[in-house]
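The chain contents come next:
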Amino acid sequence: PLKETSRKLFETYHLSMQVGDFRTAMFSLNLSTRFAVFEGENLQILSRSIGSNLKNMLKHNSECAKLAVLDAVMVDEIRGEDSTPFAVFDGLFLNDDDLMKDALLKKNMNLLSNIYLRRFFSSFWAGDHSSAESCSENILSIPSAKRPKLLSIYFTFFRGLIAFQQ
């Protein structure tokens, strides 16, 4: 189901671009990428795809670009590489700490929870379960994080694995 959903979201991206609905296009592309991470897409291909789409995302929807950069960082950390995704912001944001300051300033709880989710998944996959647990507590402290979302499924699953590790 993840592959099919990712494919349909990617089709929605193309159709939305054709009709000039850039907001829907960028959200569809962003979600398609997220599904691809969890469906097991080749990370090298995924990293190149995210990188090639960042400027277009930033042009049409800066919030989606911020989320895509977080996805790029996560993929980079899993691969042990740095594709310098923050460079797309031309110095405005140098890392996710800068994005966090922006999210707090603008009270953007979606971005804030996505920063913590990125940190949670990166910590989990690196085997740093205490850091992942700390990130999960930060996520759960955000009221909007309690609403079901796509990544909530994976977050809950991996959080459960951490509980069994301790």
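As the structure is a computational prediction, the values presented were derived from the model and not from experiment.

## Details of helix α1 (residues 2–19)
Taking 1.5 Å per residue, 18 residues should reach 26 Å; α1 reaches 26 Å between its end C-alpha atoms and fits that length. Buried within α1 we find Ser-6, Leu-9, Tyr-13 and Ser-16. Each buried residue of α1 sits inside an arc of 85 degrees when the element is viewed along its axis, so together they form one side. Across α1 from its buried face, at more than 90 degrees, point the exposed residues Lys-3, Leu-15, Gln-18 and Val-19.

## With respect to the side chain of Thr-33
Among the structural elements, Thr-33 can be located in helix α2 (residues 22–39). From its side chain, Thr-33 meets the backbone oxygen of Leu-29 in a polar contact 3.0 Å long. Excluding its chain neighbours within four sequence positions, the residues that come into contact with Thr-33 are Leu-46, Ile-50 and Asp-71.

## Points about the environment of Met-100
Here Met-100 shows up in helix α5 (residues 96–105). A relative accessible area of 13% places Met-100 in the buried class. The spacing of Met-100 and Ser-113 is 13 residues in sequence and 9.4 Å in space, taken between C-alpha atoms. Residues contacting Met-100, with those up to four places away along its chain left out, are Leu-112, Ile-115, Tyr-116 and Arg-119.

## Looking at unusual backbone geometry
A positive phi angle, near 50 degrees, is found at Thr-84, a position not held by glycine. Within the fold, Thr-84 resides in the loop between α4 (62–79) and α5. Residue Lys-107 is not a glycine yet carries a positive backbone phi of 55 degrees. Within the element layout of this structure, Lys-107 appears in the loop between α5 and α6 (109–125).

Parameters and conventions
- Residues numbered from 1 in each chain as written.
- Predicted model: local features only at pLDDT ≥ 70, side-chain atom pairs only at ≥ 80, totals over all residues.
- Heavy atoms only, no water.
- Helix = DSSP H or I, 4+ residues; strand = E, 2+ residues; numbered from the N terminus.
- Expected span 1.5 Å × (residues − 1).
- Buried < 20%, exposed > 50% of the residue type's maximum accessible area, 1.4 Å probe, protein only.
- Arc of directions from axis to C-beta.
- Polar contact = N/O pair within 3.5 Å; in protein donor to acceptor, adjacent residues only side chain to side chain.
- Contact = heavy atoms within 4.5 Å.

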